[in-house]
Amino acid sequence: MTSVLPLSAGFRRWNGEDMNDTNEERTPVTVLGLGQMGAALAAALLAAGHPTTVWNRTPAKADALADKGAVRAATVAEAVAASDLVVVCVLDYAAVRGLLGPVAGTLRGKTLVNLTTGSPEQARAEAEWAAGHGIGYLDGGIMTTPPGVGDSANMILYAGGPELLARHRATLAVLGDPVDLGTDAGLASLYDAGLLGLMWSVFGGWLHATALTGADGVTARDFTAVATRWLGTVSWFMSGYAEQIDAGEYPGADATIDVQVAAIGHLLHAGEARGVDGRLPRLHLELMRGAVEAGHGGDSYARIIEAFRK
Ligand code: FVH
C-alpha cells in the first residue's frame, strides 16, 4: 500500500533527494564567480531561501550579496567546503580549472554545476576531470541574461548527469527551468552554441525587416508586434521540417524552394528601392539557388540543410 504520510526530512536526505520541494529545509549552495551572471544566480538562490556561500576573485563584488544574507568565503577552498552543491560561473573554462584544480580533493563527493560558457570539447574534458576526482559533474548552458535568471519561462540546459540533475532539480529550478539533455556532458555547450546562432540569425532577419518597413515610416514597435506573431508560425514550420530532416525526405507539399526564390526577389527589390543593405537576403538567395541548381527546386525549404552539412 502506498503511504500517504509525508517522508521525513531525514529519510529524504538519506535517499539523496533535494529538500527544496518542502518548506522544511533549503539545500545549501556555493556560488563561485560573482560577475553579472554569477551575482544573479546567487541572488536567486538567496531569494528562494537557500543558505548561499559566495566567492569572487574581486571580493568587493560579494558586498551586495552579503547584505542580502550570503556568507562570504575568504578562499575558494572555504567556499567549496561550505556546500555539497557548488555552482561555478566565471569567464571561461580556463578560469574554472584554475579555480578548481587546487581544490579537487575538497570537491570529491560533491556536485559541481558548471554554468560557464565553453565548447562541447571543453565540457567533455571538464566532465572527465571531475569523474577522475570523484566529483559529480553537470555542465550547463544558461539561455537568458542576468535579469531573466529566476524566471521559469527561461531554460537552463544541463548535460552529463541526469541522475544528479534529478537529485538537485528543485534547487536548480530556482535559477530557471532545468532542461535535461542526457549523459553527454558536451551537449549543453553544443545546444547553447547552436541556439545562439539561431538567435543571431533571427535578430539579423528582424533588424533587416525593421529597417525595410521603417524606411516607409513603420515604427519598430508596430512591426515587431506582427513579427513576433509570425515567429509562432515559423516555429510551426520548423517542427514540420524537423520531421523531414530526420526522415531525409523533403516533399515540397507546402511551399517549394522554387516558389521561395521568386518571393525573395520581392524582398531584394523592396530593399534596393529603399537603400537597405541586401547582404542577408542575398545569402538566402544564394543558398536557395544552390538547391535549385542541384535539381531540388521542387523540394521544401528543409532541403537547404544539405548546404550547411557540407
Ligand atoms: N551575461 C550573460 O548574459 C551571459 C548569459 C549566458 C551565460 N553567460 C556566461 O556566464 C559566464 C560569466 O559571464 P558574466 O556575464 O557573469 O561575465 P562577467 O560579468 O564579465 O564576470 C566574469 C566573472 O569571471 C571571473 N573571472 C574571470 N577570469 C577569472 C579568473 N582567471 N579567475 C577567477 N575568476 C575569474 C570574474 O571575476 P572578477 O573579474 O570579478 O574578479 C567575474 O566573476 C561566461 O562564461 C558567460 O559566457 C553569461
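Anyway, here's the lowdown on the structure attached to this text. Small disclaimer: the values here were computed from a predicted structure and weren't measured.

1. Considerations on the overall build of the protein
(1) Moving on: Helix and strand content of the protein: 13 helices and eight strands.
(2) Moving on: The dimensions of the protein, computed from C-alpha atoms along their principal axes, are 65 × 45 × 45 Å.
(3) Moving on: A separation threshold of at least 6 residues defines the contact pool for the protein, and within that pool the share at least 24 residues apart is 61%.
(4) Moving on: For the protein, the computed accessible surface area is about 16,700 Å², with 59% contributed by carbon and sulfur atoms.
(5) Moving on: Each charge class in the protein was averaged separately, 22 positive and 33 negative side chains, and the resulting centres sit 5 Å apart.

2. Some points on the site of the ligand
(1) Moving on: As a matter of local geometry, the ligand sits amid 20 residues, with Met37, Asn56, Thr58, Lys61 and Thr117 nearest to it.
(2) Moving on: At 2.9 Å, a backbone N or O of glutamine 36 approaches an oxygen atom of the ligand.
(3) Moving on: A distance of 2.8 Å separates an oxygen atom of the ligand from a polar backbone atom of methionine 37.
(4) Moving on: Protein contact buries 73% of the 910 Å² of open area that the ligand shows by itself.
(5) Moving on: Mapped by element, the contributors of at least two residues to the shell around the ligand are helix H2 (36-47) and helix H5 (93-100).
(6) Moving on: Taken together, the residues of the shell around the ligand break down into nine nonpolar, nine polar and two charged.

3. Describing a nonpolar patch on the surface
(1) Moving on: On the surface, Met199, Trp200, Phe203, Trp206 and Leu207 cluster together to form a nonpolar patch covering roughly 510 Å² of accessible area.
(2) Moving on: Topologically, methionine 199 is positioned in helix H9 (residues 187-214).

4. Some details on the side chain of threonine 116
(1) Moving on: Of note, threonine 116 is situated in the loop between strand E5 (111-114) and helix H7 (120-132).
(2) Moving on: Polar contacts involving the side chain of threonine 116 include one to the main-chain amide nitrogen of valine 90, which spans 3.1 Å.
(3) Moving on: Only 2.9 Å separates the side chain of threonine 116 from the side chain of asparagine 114, close enough to count as a polar contact.
(4) Moving on: Contact partners of threonine 116, with chain neighbours within four places excluded, come to Val88, Cys89, Val90, Leu91, Asp92, Tyr93, Val96 and Gly140.

5. A few points about the pairing of E5
(1) Moving on: Burial of the side chains of E5 extends over both faces: Thr111 and Val113 are buried on one face and Leu112 and Asn114 on the other.
(2) Moving on: Strand direction decides the pairing type here: strand E4 (residues 85-88) and E5, joined by four bridges, are parallel. Residue pairing across strands places valine 88 opposite asparagine 114, the latter belonging to E5.
(3) Moving on: Handedness of the E5-H7-strand E6 (residues 136-142) crossover: right-handed.

6. Points about the packing of H5 against H7
(1) Moving on: Running from N to C, H5 and H7 cross one another at 15 degrees; their axes reach a closest spacing of 11 Å. Of the possible angle classes, the one that applies to H5 and H7 is roughly parallel. Here H5 runs over H7; the crossing is left-handed. Of H7, the residues touching H5 (which contributes Tyr93, Val96, Arg97 and Leu100) are Gln122, Ala123, Ala125, Glu126 and Trp129.
(2) Moving on: Each residue belonging to the contact of H5 with H7 can be placed in one class, and the counts come to six nonpolar, one polar and two charged.

7. Some thoughts on the side chain of aspartate 192
(1) Moving on: Here aspartate 192 lies in helix H9.
(2) Moving on: Within the buried core, aspartate 192 has no salt-bridge partner, and the shortest N-O distance to an opposite charge, that of arginine 124, equals 13 Å.
(3) Moving on: When sequence neighbours within four positions are dropped, the list of residues in contact with aspartate 192 reads Thr117, Ile142, Met143 and Leu157.

8. Digging into the pairing of strand E8 (residues 177-180)
Along a regular strand, successive side chains alternate from one face of the sheet to the other.
(1) Moving on: The pairing of strand E7 (residues 155-159) with E8 spans four bridges and is classified as parallel. Across the sheet, the residue bridging to isoleucine 156 is proline 178, located in E8.
(2) Moving on: In the classification by handedness, the crossover that spans E7, the intervening helix H8 (residues 162-172) and the parallel E8 is right-handed.

Here is what the cut-offs are and how they apply
- Residues numbered from 1 in each chain as written.
- Predicted model: local features only at pLDDT ≥ 70, side-chain atom pairs only at ≥ 80, totals over all residues.
- Heavy atoms only, no water.
- Helix = DSSP H or I, 4+ residues; strand = E, 2+ residues; numbered from the N terminus.
- Contact = heavy atoms within 4.5 Å.
- Areas by Shrake-Rupley, 256 points an atom, 1.4 Å probe, with all protein chains shown as cover.
- Lys, Arg positive; Asp, Glu negative; His and termini not counted.
- Charge placed at Lys NZ, Arg CZ, Asp CG, Glu CD.
- Near = heavy atom within 4 Å.
- Polar contact = N/O pair within 3.5 Å; in protein donor to acceptor, adjacent residues only side chain to side chain.
- Nonpolar A, V, L, I, M, F, W, Y, C, P; charged D, E, K, R; others polar.
- Patch = residues over 30% accessible without salt bridge, like charges linked within 9 Å, V, L, I, M, F, W, Y side chains within 5 Å.
- Salt bridge = Lys/Arg side-chain N within 4 Å of Asp/Glu carboxyl O.
- Buried < 20%, exposed > 50% of the residue type's maximum accessible area, 1.4 Å probe, protein only.
- Pairing = 2+ DSSP bridges.
- Right-handed = clockwise from strand over helix to strand, strands pointing away.
- Axes fitted to C-alpha atoms, helices over the stretch in contact; angles between N-to-C directions.
- Parallel < 35°, antiparallel > 145°, perpendicular 65-115°, else oblique.
- Left-handed = near helix turned anticlockwise from the far one by under 90°.

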